[in-house]
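Given next are the chains, with one letter for each unit.
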Amino acid sequence: MDPSAVVGLLLAFGSVVAIVTLEGSNISALLLPPPMILVFGATLAVGLAGNTLKDTFQAFKAVPQAVVGKAPKPQESIDRIIGLAEKARTEGLLSLESEAGDAKDPFLARALQNVADGTDAEELRVMMEDEIGTKSRADHVNSKFFAALGGYAPTVGIIGTVVSLTHVLENLSDPGKLGPMIASAFVATLWGLLSANFIWLPLSSRIARLSELEIERMTLVMEGILAVQEGAQPMLLADRLRAMVPAHHFKGQGKADAKENVRSAA
(Lines give C-alpha, C1' and ligand atoms only; values in the text may rest on other atoms or scores of the structure.)
Protein backbone atom coordinates (compact mmCIF):
# COMPACT_ATOMS: atom_id res chain seq x y z
CA MET A 1 0.00 0.00 0.00
CA ASP A 2 1.21 3.50 -0.88
CA PRO A 3 0.23 5.68 2.12
CA SER A 4 0.60 9.03 0.36
CA ALA A 5 -3.13 9.44 -0.33
CA VAL A 6 -4.24 8.66 3.21
CA VAL A 7 -1.44 10.67 4.80
CA GLY A 8 -2.05 13.63 2.50
CA LEU A 9 -5.78 13.77 3.18
CA LEU A 10 -5.29 13.41 6.94
CA LEU A 11 -2.78 16.27 6.93
CA ALA A 12 -5.07 18.44 4.80
CA PHE A 13 -8.15 18.00 6.96
CA GLY A 14 -5.98 18.12 10.08
CA SER A 15 -4.77 21.55 9.02
CA VAL A 16 -8.35 22.77 8.81
CA VAL A 17 -9.15 21.37 12.24
CA ALA A 18 -5.98 23.02 13.58
CA ILE A 19 -6.79 26.49 12.27
CA VAL A 20 -10.38 26.28 13.51
CA THR A 21 -9.20 25.19 16.95
CA LEU A 22 -6.39 27.77 17.16
CA GLU A 23 -8.82 30.55 16.33
CA GLY A 24 -10.95 29.51 19.29
CA SER A 25 -13.85 28.12 17.29
CA ASN A 26 -15.40 24.67 17.35
CA ILE A 27 -15.18 22.18 14.51
CA SER A 28 -18.88 21.44 15.00
CA ALA A 29 -19.59 24.89 13.55
CA LEU A 30 -18.46 23.51 10.17
CA LEU A 31 -20.26 20.17 10.40
CA LEU A 32 -23.68 21.49 9.47
CA PRO A 33 -25.86 18.89 7.72
CA PRO A 34 -27.85 21.19 5.35
CA PRO A 35 -24.87 22.74 3.49
CA MET A 36 -22.98 19.44 3.48
CA ILE A 37 -25.97 17.60 2.03
CA LEU A 38 -26.37 20.25 -0.64
CA VAL A 39 -22.69 20.37 -1.61
CA PHE A 40 -22.04 16.63 -1.70
CA GLY A 41 -25.48 15.62 -2.97
CA ALA A 42 -25.77 18.23 -5.72
CA THR A 43 -22.13 17.78 -6.80
CA LEU A 44 -22.60 14.04 -7.23
CA ALA A 45 -25.93 14.66 -8.97
CA VAL A 46 -24.53 17.02 -11.58
CA GLY A 47 -21.55 14.70 -12.00
CA LEU A 48 -23.98 11.89 -12.77
CA ALA A 49 -25.90 14.16 -15.14
CA GLY A 50 -22.73 14.92 -17.08
CA ASN A 51 -21.74 11.27 -17.51
CA THR A 52 -23.33 7.92 -18.14
CA LEU A 53 -24.47 5.73 -15.26
CA LYS A 54 -21.84 3.12 -16.12
CA ASP A 55 -19.12 5.77 -16.11
CA THR A 56 -20.20 6.90 -12.64
CA PHE A 57 -20.24 3.38 -11.19
CA GLN A 58 -16.89 2.57 -12.80
CA ALA A 59 -15.33 5.76 -11.44
CA PHE A 60 -16.36 4.96 -7.87
CA LYS A 61 -15.21 1.36 -8.27
CA ALA A 62 -11.75 2.78 -8.95
CA VAL A 63 -11.67 4.73 -5.67
CA PRO A 64 -10.44 1.94 -3.31
CA GLN A 65 -7.57 1.06 -5.60
CA ALA A 66 -6.71 4.73 -6.01
CA VAL A 67 -6.60 5.29 -2.25
CA VAL A 68 -4.81 2.14 -1.05
CA GLY A 69 -3.18 0.93 -4.27
CA LYS A 70 0.57 0.78 -4.51
CA ALA A 71 2.76 1.96 -7.33
CA PRO A 72 4.24 -0.77 -9.56
CA LYS A 73 7.87 -1.73 -8.96
CA PRO A 74 9.74 -1.78 -12.28
CA GLN A 75 12.63 -3.80 -10.87
CA GLU A 76 10.30 -6.69 -10.05
CA SER A 77 8.98 -6.68 -13.61
CA ILE A 78 12.49 -6.57 -15.05
CA ASP A 79 13.66 -9.44 -12.84
CA ARG A 80 10.63 -11.48 -13.88
CA ILE A 81 11.19 -10.87 -17.59
CA ILE A 82 14.89 -11.67 -17.39
CA GLY A 83 14.03 -14.95 -15.67
CA LEU A 84 11.63 -15.72 -18.51
CA ALA A 85 14.30 -14.85 -21.08
CA GLU A 86 16.71 -17.30 -19.44
CA LYS A 87 14.10 -20.04 -19.43
CA ALA A 88 13.11 -19.43 -23.04
CA ARG A 89 16.74 -19.64 -24.18
CA THR A 90 17.40 -22.90 -22.32
CA GLU A 91 14.05 -24.69 -22.60
CA GLY A 92 12.36 -23.06 -25.59
CA LEU A 93 9.33 -20.80 -25.96
CA LEU A 94 6.90 -23.65 -25.26
CA SER A 95 8.18 -23.76 -21.69
CA LEU A 96 6.58 -20.35 -21.14
CA GLU A 97 3.13 -21.95 -21.18
CA SER A 98 3.64 -23.20 -17.62
CA GLU A 99 4.77 -19.71 -16.61
CA ALA A 100 1.54 -18.29 -18.04
CA GLY A 101 -0.48 -20.46 -15.67
CA ASP A 102 1.55 -19.31 -12.68
CA ALA A 103 1.57 -15.59 -13.53
CA LYS A 104 -0.54 -13.45 -11.21
CA ASP A 105 -0.60 -10.58 -13.69
CA PRO A 106 -3.34 -11.27 -16.31
CA PHE A 107 -1.61 -9.06 -18.87
CA LEU A 108 1.64 -11.00 -18.55
CA ALA A 109 -0.19 -14.34 -18.47
CA ARG A 110 -2.01 -13.64 -21.75
CA ALA A 111 1.22 -12.50 -23.40
CA LEU A 112 3.10 -15.64 -22.32
CA GLN A 113 0.29 -17.87 -23.51
CA ASN A 114 0.31 -16.20 -26.91
CA VAL A 115 4.08 -16.59 -27.16
CA ALA A 116 3.80 -20.28 -26.27
CA ASP A 117 1.01 -20.68 -28.86
CA GLY A 118 3.26 -19.26 -31.57
CA THR A 119 1.39 -16.00 -32.16
CA ASP A 120 3.10 -13.76 -34.70
CA ALA A 121 5.19 -11.03 -33.03
CA GLU A 122 3.48 -8.21 -34.91
CA GLU A 123 0.02 -9.53 -34.06
CA LEU A 124 1.03 -9.92 -30.43
CA ARG A 125 2.30 -6.35 -30.31
CA VAL A 126 -0.98 -5.06 -31.74
CA MET A 127 -3.03 -7.04 -29.20
CA MET A 128 -0.94 -5.85 -26.28
CA GLU A 129 -0.95 -2.24 -27.45
CA ASP A 130 -4.74 -2.42 -27.82
CA GLU A 131 -5.05 -3.69 -24.24
CA ILE A 132 -2.78 -0.93 -22.96
CA GLY A 133 -4.79 1.66 -24.88
CA THR A 134 -8.08 0.35 -23.48
CA LYS A 135 -6.69 0.52 -19.95
CA SER A 136 -5.49 4.08 -20.52
CA ARG A 137 -8.86 5.25 -21.85
CA ALA A 138 -10.79 3.65 -18.99
CA ASP A 139 -8.56 5.27 -16.39
CA HIS A 140 -8.83 8.61 -18.15
CA VAL A 141 -12.63 8.46 -17.91
CA ASN A 142 -12.40 7.73 -14.17
CA SER A 143 -9.95 10.57 -13.59
CA LYS A 144 -11.99 12.97 -15.70
CA PHE A 145 -15.15 12.18 -13.69
CA PHE A 146 -13.59 13.27 -10.40
CA ALA A 147 -11.94 16.27 -12.03
CA ALA A 148 -15.43 17.32 -13.14
CA LEU A 149 -16.71 16.96 -9.57
CA GLY A 150 -13.84 19.18 -8.46
CA GLY A 151 -15.06 21.81 -10.90
CA TYR A 152 -18.71 21.58 -9.88
CA ALA A 153 -18.27 21.58 -6.08
CA PRO A 154 -17.16 25.22 -5.51
CA THR A 155 -20.02 26.52 -7.65
CA VAL A 156 -22.52 24.33 -5.83
CA GLY A 157 -21.13 25.71 -2.57
CA ILE A 158 -21.72 29.26 -3.78
CA ILE A 159 -25.29 28.32 -4.72
CA GLY A 160 -25.79 27.04 -1.17
CA THR A 161 -24.44 30.28 0.25
CA VAL A 162 -26.74 32.38 -1.95
CA VAL A 163 -29.75 30.32 -0.87
CA SER A 164 -28.80 30.72 2.80
CA LEU A 165 -28.20 34.47 2.44
CA THR A 166 -31.64 34.80 0.91
CA HIS A 167 -32.99 33.29 4.11
CA VAL A 168 -30.84 35.74 6.10
CA LEU A 169 -32.40 38.70 4.29
CA GLU A 170 -35.83 37.42 5.25
CA ASN A 171 -34.88 37.76 8.91
CA LEU A 172 -33.36 41.25 9.06
CA SER A 173 -35.91 42.16 11.69
CA ASP A 174 -34.07 39.95 14.18
CA PRO A 175 -30.48 41.36 14.36
CA GLY A 176 -29.48 38.93 17.09
CA LYS A 177 -29.68 35.98 14.69
CA LEU A 178 -27.93 37.60 11.73
CA GLY A 179 -24.35 36.78 12.78
CA PRO A 180 -24.85 33.01 13.24
CA MET A 181 -27.04 32.81 10.15
CA ILE A 182 -24.48 34.58 7.95
CA ALA A 183 -21.70 32.37 9.33
CA SER A 184 -23.76 29.27 8.57
CA ALA A 185 -24.44 30.56 5.06
CA PHE A 186 -20.74 30.60 4.19
CA VAL A 187 -20.26 27.02 5.40
CA ALA A 188 -21.66 25.84 2.05
CA THR A 189 -18.94 27.73 0.17
CA LEU A 190 -16.33 26.32 2.53
CA TRP A 191 -17.46 22.73 1.92
CA GLY A 192 -17.57 23.34 -1.81
CA LEU A 193 -13.95 24.45 -1.77
CA LEU A 194 -12.86 21.77 0.70
CA SER A 195 -14.48 18.90 -1.16
CA ALA A 196 -13.08 20.07 -4.49
CA ASN A 197 -9.50 20.63 -3.34
CA PHE A 198 -9.24 18.03 -0.58
CA ILE A 199 -11.19 15.15 -2.14
CA TRP A 200 -12.26 15.30 -5.80
CA LEU A 201 -9.22 16.90 -7.46
CA PRO A 202 -6.62 14.90 -5.48
CA LEU A 203 -8.57 11.74 -6.26
CA SER A 204 -8.57 12.60 -9.95
CA SER A 205 -4.82 13.26 -9.90
CA ARG A 206 -4.17 10.06 -7.95
CA ILE A 207 -6.09 7.91 -10.44
CA ALA A 208 -4.30 9.57 -13.35
CA ARG A 209 -0.85 9.11 -11.80
CA LEU A 210 -1.36 5.47 -10.83
CA SER A 211 -2.68 4.88 -14.34
CA GLU A 212 0.48 6.40 -15.84
CA LEU A 213 2.67 4.15 -13.71
CA GLU A 214 0.63 1.06 -14.60
CA ILE A 215 0.74 1.91 -18.31
CA GLU A 216 4.52 2.28 -18.04
CA ARG A 217 4.71 -1.13 -16.36
CA MET A 218 2.54 -2.75 -19.01
CA THR A 219 4.65 -1.17 -21.75
CA LEU A 220 7.77 -2.50 -20.04
CA VAL A 221 6.25 -5.99 -19.93
CA MET A 222 5.18 -5.77 -23.58
CA GLU A 223 8.62 -4.80 -24.83
CA GLY A 224 10.23 -7.42 -22.61
CA ILE A 225 7.99 -10.27 -23.74
CA LEU A 226 8.37 -9.36 -27.40
CA ALA A 227 12.15 -9.35 -26.93
CA VAL A 228 11.95 -12.75 -25.21
CA GLN A 229 9.98 -14.04 -28.18
CA GLU A 230 12.74 -12.81 -30.48
CA GLY A 231 15.37 -14.62 -28.41
CA ALA A 232 17.06 -11.55 -26.94
CA GLN A 233 20.16 -12.05 -24.81
CA PRO A 234 19.09 -11.59 -21.15
CA MET A 235 21.75 -9.10 -20.07
CA LEU A 236 21.25 -6.91 -23.13
CA LEU A 237 17.51 -7.10 -22.55
CA ALA A 238 18.03 -6.03 -18.93
CA ASP A 239 19.95 -2.95 -20.07
CA ARG A 240 17.24 -2.11 -22.57
CA LEU A 241 14.43 -2.42 -20.03
CA ARG A 242 16.25 -0.40 -17.39
CA ALA A 243 16.78 2.36 -19.95
CA MET A 244 12.98 2.64 -20.19
CA VAL A 245 12.61 3.41 -16.47
CA PRO A 246 13.66 6.60 -14.62
CA ALA A 247 16.44 5.88 -12.12
CA HIS A 248 14.42 7.04 -9.09
CA HIS A 249 11.88 4.26 -9.71
CA PHE A 250 14.42 1.66 -8.66
CA LYS A 251 13.51 2.07 -5.00
CA GLY A 252 16.55 4.04 -3.97
CA GLN A 253 18.93 1.93 -6.04
CA GLY A 254 21.15 3.38 -8.68
CA LYS A 255 20.92 1.75 -12.08
CA ALA A 256 24.26 0.08 -11.51
CA ASP A 257 22.95 -1.58 -8.34
CA ALA A 258 19.77 -2.61 -10.14
CA LYS A 259 21.88 -4.13 -12.90
CA GLU A 260 23.79 -6.19 -10.36
CA ASN A 261 20.49 -7.43 -8.91
CA VAL A 262 19.37 -8.56 -12.34
CA ARG A 263 22.64 -10.44 -12.87
CA SER A 264 22.17 -12.16 -9.53
CA ALA A 265 18.57 -13.10 -10.38
CA ALA A 266 19.67 -14.45 -13.75
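Look above for the structure.
Residues numbered from 1 in each chain as written. Predicted model: local features only at pLDDT ≥ 70, side-chain atom pairs only at ≥ 80, totals over all residues. Heavy atoms only, no water.

Engineer: When you look at the side chain of R217 in this model, what are you seeing that I'm missing?
Structural biologist: Within the secondary structure layout, R217 lies in helix α9 (residues 175-230). Discounting residues that sit within four places of it in the chain, R217 has contacts with P72, S77 and D105. (Helix = DSSP H or I, 4+ residues; strand = E, 2+ residues; numbered from the N terminus. Contact = heavy atoms within 4.5 Å.)

Engineer: Looking at this structure, how should I read the packing of helix α5 (residues 74-91) against helix α10 (residues 234-243)?
Structural biologist: Each pair of packed helices can be described by the angle between their axes along with the distance between the axes. Look at α5 against α10: their axes get within 10 Å of each other, and the N-to-C directions meet at 155°. Relative to α10, α5 is oriented roughly antiparallel. In this structure, the crossing between α5 and α10 has a hand that is right-handed. Between α5, through I78, I81, I82, A85, E86 and R89, and α10, the contact on the second element is made entirely by P234, M235, L237, A238, L241 and R242. Of the residues belonging to the contact of α5 with α10, the class tally is 9 nonpolar, no polar and 3 charged. (Axes fitted to C-alpha atoms, helices over the stretch in contact; angles between N-to-C directions. Parallel < 35°, antiparallel > 145°, perpendicular 65-115°, else oblique. Left-handed = near helix turned anticlockwise from the far one by under 90°. Nonpolar A, V, L, I, M, F, W, Y, C, P; charged D, E, K, R; others polar.)

Engineer: Help me out: how do you make sense of the packing of aromatic side chains in this one?
Structural biologist: The way to describe two aromatic rings as a pair is by their centre distance and the angle between their planes. The final tally for this structure, using the stated rule, is 7 aromatic pairs. Here F13 and F198 contribute two aromatic rings whose centre-to-centre distance is 5.3 Å and whose plane-to-plane angle is 85°, an arrangement assigned as edge-to-face. Of this pair, F13 sits in helix α1 (residues 4-22) while F198 is found in helix α9, placing the two residues 185 residues apart along the sequence. Assessed through its relative accessible area of 28%, F13 is described here as partly exposed. Plain terms: the ring middles of F60 and F146 are 5.3 Å apart, the flat faces sit at 80° to each other, and that makes the pair edge-to-face. Of this pair, F60 sits in helix α3 (residues 53-61) while F146 sits in helix α8 (residues 121-169), and the two are 86 residues apart along the sequence. (Phe/Tyr/Trp six-rings, centres within 6.5 Å; stacked < 30°, edge-to-face > 60°. Buried < 20%, exposed > 50% of the residue type's maximum accessible area, 1.4 Å probe, protein only.)

Engineer: Just to check I follow, could you spell out helix α7 (residues 106-116) for this structure?
Structural biologist: Given 3.6 residues per turn, any residue in an α-helix points the same way as the ones three and four places further on. Residues of α7 that are buried include every one of F107, L108, A109, A111, L112, V115 and A116, and no others. By the N-cap criterion, in which a side-chain oxygen at the helix start approaches the backbone nitrogen of a residue two or three places on, α7 is capped by D105, the distance to F107 being 3.2 Å. Positive backbone phi, approximately 85°, marks G118, located one or two places after α7. (Polar contact = N/O pair within 3.5 Å; in protein donor to acceptor, adjacent residues only side chain to side chain.)

Engineer: Honestly, the packing of helix α2 (residues 33-49) against α8 in this entry has me stumped. Any pointers?
Structural biologist: Interaxial distance between α2 and α8 falls to 8 Å at its minimum, and their mutual angle equals 135°. Relative to α8, α2 is oriented oblique. Considering the relative orientation of α2 and α8, their crossing is right-handed. Here L38, V39, A42, T43, L44, V46, G47 and L48 of α2 lie close against α8, whose contacting residues are F145, L149, Y152, A153, V156, G157 and G160. A per-class count over the contact of α2 with α8 returns 11 nonpolar, 4 polar and no charged.

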